[in-house]
Structure formats: structure tokens, C-alpha cells
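Summary of structural features
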Amino acid sequence: MPSDPTKPLLRLTPQADQARKPGRAGFPRPSEAFPRQRQTDTFGPAFNRLAQVLARGADAMALRADPAGLAPERLLVFEVRGSINAFAAAIQNVAGLELIDEEELEGDEGDPQPYAYLLVPDMAALRNLEQLWRRWENGQLQRGETPWASVFELLRDLRPWGPLDRVHSNDAGLLAVAIDGLDDDDLVRLEVELVYRERVNVANENEANVRAAIVGRGGVVVSRARIAEISYHALLADIPARAVRDIVERRLEGIAGLEPVLHIRPQSEPTTIELGDVGEEDLGTAPPAQLGDPILALLDGVPVAAHRLLSDHVDLDDPFGLEPGALVAHRSHGTAMASLIIHGDRNAPALPLPRRIHVMPVMGNHDAFPSDRLVVDLIYLAVIRLREQRPGVVIVNLSLGNRFRPFHGQLSPWARLLDRLSNRFGLLFIVSAGNVTTEFGIPGFATSLAYEGANADGRATAMIGSLHALIGERRIISPAETVNGITVGACNQDAVSPAVRALARGFIDPFPAHDAPNPSSSLGPGFARSVKPDILMPGAREHMQVIRNHVHIDVRPGQASRGAGLKVAAPPAGGRENLDGYTNGTSAAAALASRTCHQIHDALEAAYGNAFLRLPTIERAVLLKALLVHPARWPRQLADLIKATVGPWGQGQASKQKDNIRRFIGFGCVDANDAVACASDRATFFATGRLARDRGVTVQVPVPVAIGGQARPHSLSATLAWFTPVAPGRKSYRTCKLKILKPDALGELGVGSHSWQPDENQTNRGTIFSRCWEGNDAPAVTADMTIPLVVQREPDQGATIDEYVVFGLAVTIAMPGEVRLYDELYARVQPPIRPTARP
């Protein structure tokens, strides 16, 4: 049944907390150790050379003379087999060592290859490391050193950080294009990230050395930032093309050979949109009589704040002075995103939000980032100001990304920043997954007529197969790998009528009969192979344009249009103002997700008044996170198609099949109406709480008598969300993990786990844990029956975290067609909290 706005979500209160129930969860599965002889043969020579130099009493400078050797003040790369957590715990036992970074990459046949970057700051720490190796080699590790046995046994590789690490191949390719045709003295703007050092004097010395190297090559430093909270230290610099050429070639004598340098990349650039079919002067709609203070902030381009659709709804703050320099005709992105958040897709007119939205521009003219700032520093300053100026904000929309930074295992500073600030300030960041609009081939079709003439399954199968073949080139873009935020991909939905859809002729619908991600929507997974994107929201029904044919056709996503787009406010054109246009993609999908979050907040405020508003900001944020993701479901027809198209096939492959499906659709597509309200045959409960380490709580979920004895489809689903604290040094990045224990009463309820969702291991890798159980057997329901759901905090990953972790929980019971279900449960959840007027 459709959702009914008069049937609000139902509130439950967790019982007193209890000790965590014991189990294997939370501990990494042990990996197979390499043979000791293999380790001695592989790494012994490096430690032998180190021992010989140390025995001669050489100083640090002598050790550093060998660029391939182990030396103090040198970043070392440890590649280990298995979990990074054991390594993070082991290094705490060696005085002076600094864990600089960690990443987890997907290896051959699913074997994870974690990398840890360890800084050995002085001779004493280096000597300790060498002595540990000797004691392990001789089987003489002492008490407290046994974790190092796992490190040395599981070590794949050990080497110094070098030019090949500092300049990734993708970045080298981008820089090569940037300098093509330039004179040697022409300047190119780059981001130079430094190895973060906790001691300010050391950090300043390292920065001075890098500055001197840049200036000495004819360059200039434009800006700098050092953010201790996320261990970030970087320079924005103009560097002559001849020096950039050395960077591209990863020459040791160039800037890429400087030991304080961590990474060198092109300056961040946002993904852009072009509005289609701009026109149709819009007279706007009358705003509510009184708009409330903002709970949602939009960090985006400068909007056309005077547009009739926006003028009464936008609370504009321009601390970076970007509005005066942004030509009004080019203010597409911020205008479109603000319009979608306030009004939704105007193809289906809806009431605007009852509160103003706070808009802070972080992009200027032509929707570009300011050229004289590091984007991480810009966002940091924006969020700090946001919290100072608008303490009531809970939701932050970021329909932005760095198109030069696809995610390939290592968290970007931008993502780490969002994770840190979300937990610090209690902010839910809604982030777009990013769009990939480059052309690609579709094998099997030699002409556009053949492709257009294929049936729905043929087109869909060809598109899924083509995208999967390019999956490494279509990854989510920074900061979409955020662990605490919600990453939104675009599904092929909009409110265009069939008659208007015909205007999209000339382009081909790749999924005419499937709910599916748009082909341009970036693919997962996220950090440590977590579910990303988290959800899909409407991003318009994207059509494909055939641009050439040879052995097969090559296609690219078509521009949004009246026949295939979301209708939004647009900048003035041709002397006309208050125009409409059309947009699509993940930026638009994220804006609609933020609007849905706002509507959930509105519904809870209307139902529970001050009792809801008095919840701490962080409780409301994690609750909105849980409720937004909760109704997400895999389109079963599409999931089966992905499984049949890309496999793998055969027994024991179910987890890998689900892994392929979730890369495309995450937890699934979200129906905004189902997130906001209940229905006669569906009741959603919510609860919030906080957990100390190794503790759990039980939430008693009422079961309606109305569903008892009926052998018909029904379900129980639960979604848990939280913000994990992030250690400043990036040690054991996701420090806190929560989960819902499998309920004991599933048999009585007549439900079990089903196949159209990520498996439990996959959903347990991020900060959202979601499970659905369903069945057709008749439930055995007794009067006042409840199902206890246990939410518990698993042992902390790496270092122990003493602070509480706040969680939000959403639980739904549904039996399609049983119209007594909601009213019975509403009556049981007493006393209801009556709404009060908004302050």
C-alpha cells in the first residue's frame, strides 16, 4: 500500500544497556602466514644491511644516503596479508613509530592487501625495529611483542616510500596532458600533500624544505593548510612545466623525490552539469506563511538567489566572497541543487520545505572551486563556520566531488575530513557518488539501429556487461568514500510523463524495463570493501547517445532534457529570468536524498514536537541516516540480471555475486515516501541510544496479532546507523563497529534471510548495518508479543575508544494487504508523544 502521511513513524525506547554478548564478531579472521624461510630470504637482506650500518655507529644521514634502504625520517610501506588492525595494534609496542596512513585494496581472487605507511622518526625507533626482526627471526620475541610475530609472518613487502608512490599513474597521466604543448616556464597548479608530522617544529621544517625546492625550480606556493584533526598537511603550488615533467617521469632528483612529500596531484576540479532545455518562465509558488530556521545546509555553487523559486527559501552566507565573481548566467549547479532540495523534481509539483535552507557557496564562476585554495581547507573552514553560525543544522548536502580523485582503496583527505566532522559536530553529510560521462563501447551491437531494436533484456544485459568490464575506471569519486556519510548514486527514475518522454527520441534508453542505476553513476565498493554507494535516488532516466560505430557502437550519456530529466530552477538566459531547466545524475540524486532527510525530520517533528527537537544533534543525525537507508531495496529483476550477466557462476559463489550487485546499487533504491511515513499494512519504528565499549542494548519490537496465522508474504527489516570516531593519526580508521544480532524469534515470526540484499559480512564493513527477513509461513503470534532486537558494540578496532557511540535504529514490520497492522501497533506504543508548535 502507498505510504500515508497521517501514519507517522513509531518511537521505541531501548532497554537498559547490558554487557556485549560474546561471539567471534569483531575479530579479524586469521590469515595464512608465509613460511618463515620465505620471510627470512625476502626481508633478511634489508635488515642485515641496516644492522651493519647501525653497528658502524652511522648517523641518520648515512642511512638516508641509500634511497632504497630503511632509514629514520623515511616513510616505509608495509604490505601485509590479512587485517590491518593487527598491524596497527602491534606498532603501538614500539616506542616512537608513527602510523601515517593505511589502505585496503582488493587483491587477486578477493584476497585483501592492506597497506600501512609507517614513519620511523629517529635512530632509536629504527634500532628497535631491527632488534624486533632479529628476535622474531630467532624465535625469541618477548612478552608484549607477540603481535609482531603476525606482522613479520604476514609481511608481503617492505620498502621505502618513493616517487612511484608519491605520483600515482592516473595522476601522472593527467599531469602529462596538462603540460602537453606548454613552454618549460609555463606554470601548472598542483596539490602537494606532505607526510603529516605531529610535532609542529618538524612539520614546519619539512614544509620549508619543500617550499624551497618549489621556489628553487621557479615555482611559487599559492596556499597551504595543516589540519591536525585529520593529519593533513598540504601546499597548493604553481610549478613550471619542466619541473612537472620530472614529476610525471617520477625522477628521484625532482619534487617527487623529496622525502617529506606524500602525494602530488592535479588541483582538485569538481564534476560539472549542464542544464538542458532551459526555458519556460516559471512564476514560482507561494512560500509557506512562515519559514523555520534551517536544519539543512547546501555547500555548492553560487545560486541565483533572486530566482522566484529560491528567493524566499535560501539563507545565503558567502564567507569566501564567491558571489560577486560568479556570473549569474553560469550559476547552474547551485541553483539546480537548491531547487531540488526545496521543491523536488518539478515535473511532479510538491510542497516546498517548511524551513529555509542555508547555502554556503564553495564554488565560484563557472561552478569551479576557488583557484587559490585547497578544497579540503575550503570545506573545513566552511563546516567550522556553519556550526558556529547555524548550530541547528543537522544535514549537509555535498553534491560535489573531485573528478581527478576516483577511489582506489586509499581514503582521500576530503573523505577523512567529512568523517571527522560528522562525529565531532553531529552532522549527516549526504554526498554524491560522482558521474562518469566518458564514452565507452557496447560489444555485440554494430549499429545504433541494432542497439535500439534490441529488446529490453538485451539492452540491459549489454549495458551491465559493458559497465562491469570497465568497473575499475568507474569508481566513486572523492569524497564519496566517506565512511560516516551517506553516498548517493543515481537511479533511472523521474516524473516525466510518457507523452513528454517521446521528446527524448534520438537517444536510446539502456534500461527501458528495469529500475537500474544510470550508466554514468559511479560504482563501488567503498573503503575496506564497504557498501558504496549506500543508496540510489532518482537521477532522471538517462538515455545514451551513440557517437560512432566500428566493430561495435560507442556511446556516452546524453544530456538531461525535457524528455529525460529532473525539472529545476535555472539561471537567466537571453534576457529572461525565473527559468526552468532539466538536470540529471548523482548530484541531483544526492539533493533529493537530502530533501528526503529533511522531510523525515519534518514528519518526526510534526509527530513528536519538542521531544524530538530536544534530541542532541548527533542523535537526530544518525537517526535520519538510518531512516533514509532503511527502505532501500534491490530491484529484484535487476539483481537477477546482474547475477546472470557477470556471475560468477556455480556453487559457493553467492557472496561474490552479491558483491557485484552491490557495486551497482548498494543497499538499493529508496522510495522517498516510504522513508517518511508508514502505511496501513506497514509500521516503522525508530529508536536512538548510545553505547559504551563492549556494551549492548535490547529494543523490544511489538508484533501485531493481526498478522498471526496468515500464510502470506510478510517481513521484518532493521537498519542500524552510527558515526564512528576517527583517530587523528588514521590508526584503525573505522574504530567502532556496531551490529544487530540475529533475532532468536525469526522462526516464530515465519521469516528468514533472503538473497536480494548484501550479505552480512558486506553490510558489516561500514557504519550502516541493514538486514531484512521475510517469509510466507503463518506467524505464531501471541498477545503482547515482542521481538527483542539486540544492538551491540563490538570490540573496538585497534586502540580502545572510551567515548560513547550514538546510534539510530529503524525497524519495520509489514504484511502487504493486512490493513489492521499499523493501527494495532500504534495503539500499543503508548503513551504517544503529542506534537507541539515549532519554536
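Refer to the structure printed above.
Computed from a predicted structure; not experimentally measured.

As enumerated under the stated definition, the model contains 33 salt bridges in all. The partner of glutamate 253 in a salt bridge is arginine 251, and the shortest N-O contact between them spans 3.6 Å. For glutamate 253, a relative accessible area of 54% translates into the label exposed. On the basis of relative accessibility, which here comes to 35%, the residue arginine 251 falls in the partly exposed class. Note that aspartate 293 is salt-bridged to arginine 356, the shortest N-O span being 3.5 Å. One end of the pair, aspartate 293, is in the loop between strand S11 (276-279) and strand S12 (296-301); the other, arginine 356, is in the loop between helix H10 (332-343) and strand S14 (357-363), with 63 residues separating them in the sequence. Through salt bridges with shared partners, one network takes in Asp246, Glu249, Arg251 and Glu253.

The antiparallel open sheet is built from three strands, whose spatial order is S17-S21-S20. In the strand order of this sheet, the two ends are held by strand S17 (440-442) and strand S20 (544-549), each with one partner. Strand-to-strand twist across the sheet, computed as the mean angle between neighbouring axes with direction ignored, equals 45°. As paired strands, S20 and strand S21 (residues 553-557) are joined by five bridges and run antiparallel to one another. Paired with methionine 544 across the two strands is proline 557, which belongs to S21. Contacts from helix H14 (residues 456-469) reach S17 and S20, with the element oriented near 140° to S17.

So, about the packing of H14 against helix H19 (residues 636-646). The N-to-C vectors of H14 and H19 enclose an angle of 60°; their axes lie 10 Å apart at closest approach. In terms of axis orientation, H14 runs oblique to H19. For the pair H14 and H19, the sense of crossing is right-handed. Residues Asp457, Ala460, Thr461, Ile464, Gly465 and His468 of H14 touch H19, and the partners they reach there are Gln637, Leu638, Leu641, Ile642, Thr645 and Val646. Of the residues contributing to the contact of H14 with H19, the split by class is six nonpolar, five polar and one charged.

The next subject is the nonpolar core. Counting residues in hydrophobic clusters, the biggest one holds 109 residues, and the most contacted among them are Ile430, Val488, Ile535, Leu604, Leu720 and Phe807. It is helix H16 (residues 586-608) that contributes the most residues to this core, 11 residues altogether. Sequence-distant contacts of leucine 720, defined by excluding residues within four places in its chain, comprise Leu738, Lys739, Ile740, Thr767, Ile768, Phe769, Val791, Phe807, Gly808 and Leu809. Of all hydrophobic cores here, the second largest spans 47 residues; its members include Ile230, Phe320, Ala326 and Val431.

Turning our eyes to something else, we now look at helix H9 (residues 241-248). Taken residue by residue, H9 has Ala241, Ala243, Val244, Ile247 and Val248 as its buried positions. Along the axis of H9, the buried positions cluster into a sector of 155°, meaning they face one direction only. Considering only its buried residues, H9 is in contact with helix H7 (169-179), strand S7 (187-194), strand S9 (232-240) and strand S10 (261-266). Looking one or two residues past H9, arginine 250 carries a phi angle of roughly 50°, positive in sign.

The element S9 is extensively covered by neighbouring structure, given that nine of its nine residues are classed as buried. Side-chain alternation along S9 places Tyr232, Ala234, Leu236, Asp238 and Pro240 on one buried face and His233, Leu235, Ala237 and Ile239 on a second face that is also buried. Relative to S9, S7 is paired through seven bridges, and the arrangement is antiparallel. In the sheet register, leucine 190 faces S9, and the bridge partner there is alanine 237. Relative to S9, strand S8 (residues 220-227) is paired through seven bridges, and the arrangement is antiparallel.

All right, on to the side chain of arginine 331 then. Tracing the sequence through the fold places arginine 331 in the loop between strand S13 (314-316) and H10. A relative accessible area of 9% places arginine 331 in the buried class. A polar contact is formed between the side chain of arginine 331 and the backbone oxygen of proline 303, at a distance of 3.4 Å. Ignoring sequence-local partners within four residues, the contact set of arginine 331 consists of Val302, Pro303, Val304, Glu323, Ala326, Asp367 and Pro571.

What follows concerns the packing of aromatic side chains. Summed over the entire model, instances satisfying the criterion amount to nine aromatic pairs. Ring geometry for phenylalanine 47 against tryptophan 133: centres 4.6 Å apart, planes inclined by 5°, an arrangement best described as stacked. Of this pair, phenylalanine 47 sits in helix H1 (residues 36-55) while tryptophan 133 is found in helix H4 (residues 123-137), placing the two residues 86 residues apart along the sequence. For phenylalanine 47, a relative accessible area of 1% corresponds to the buried category. Tryptophan 133 sits in the buried class, given a relative accessible area of 0%. Aromatic pair tryptophan 133 and tryptophan 136: ring centres 5.2 Å apart, planes at 45°, arrangement tilted. With tryptophan 133 and tryptophan 136 both in helix H4, this residue pair falls three residues apart, about one helical turn. Each member of the pair, tryptophan 133 as well as tryptophan 136, is classed as buried.

Turning next to unusual backbone geometry. Put simply, lysine 532 and proline 533 share a cis peptide bond, and its omega is -10°. Within the fold, proline 533 resides in the loop between helix H15 (498-501) and strand S19 (535-538). Residue glycine 647 is joined to proline 648 through a cis peptide bond whose omega torsion reads -5°. Residue placement: proline 648 occurs in the loop between H19 and helix H20 (654-665). Here alanine 528, not a glycine, exhibits a phi torsion of approximately 55°, which is positive. Summarising the element assignment, alanine 528 is placed in the loop between H15 and S19. In this model, aspartate 694 sits at a positive phi of 60°, which is unusual for a non-glycine residue. Here aspartate 694 lies in the loop between strand S24 (682-691) and strand S25 (695-702). The class for aspartate 694 is partly exposed, based on a relative accessible area of 32%.

The rules behind the values
- Residues numbered from 1 in each chain as written.
- Predicted model: local features only at pLDDT ≥ 70, side-chain atom pairs only at ≥ 80, totals over all residues.
- Heavy atoms only, no water.
- Salt bridge = Lys/Arg side-chain N within 4 Å of Asp/Glu carboxyl O.
- Buried < 20%, exposed > 50% of the residue type's maximum accessible area, 1.4 Å probe, protein only.
- Helix = DSSP H or I, 4+ residues; strand = E, 2+ residues; numbered from the N terminus.
- Pairing = 2+ DSSP bridges.
- Axes fitted to C-alpha atoms, helices over the stretch in contact; angles between N-to-C directions.
- Contact = heavy atoms within 4.5 Å.
- Parallel < 35°, antiparallel > 145°, perpendicular 65-115°, else oblique.
- Left-handed = near helix turned anticlockwise from the far one by under 90°.
- Nonpolar A, V, L, I, M, F, W, Y, C, P; charged D, E, K, R; others polar.
- Core = buried A, V, L, I, M, F, W, Y, C linked by side-chain atoms within 4.5 Å.
- Arc of directions from axis to C-beta.
- Polar contact = N/O pair within 3.5 Å; in protein donor to acceptor, adjacent residues only side chain to side chain.
- Phe/Tyr/Trp six-rings, centres within 6.5 Å; stacked < 30°, edge-to-face > 60°.

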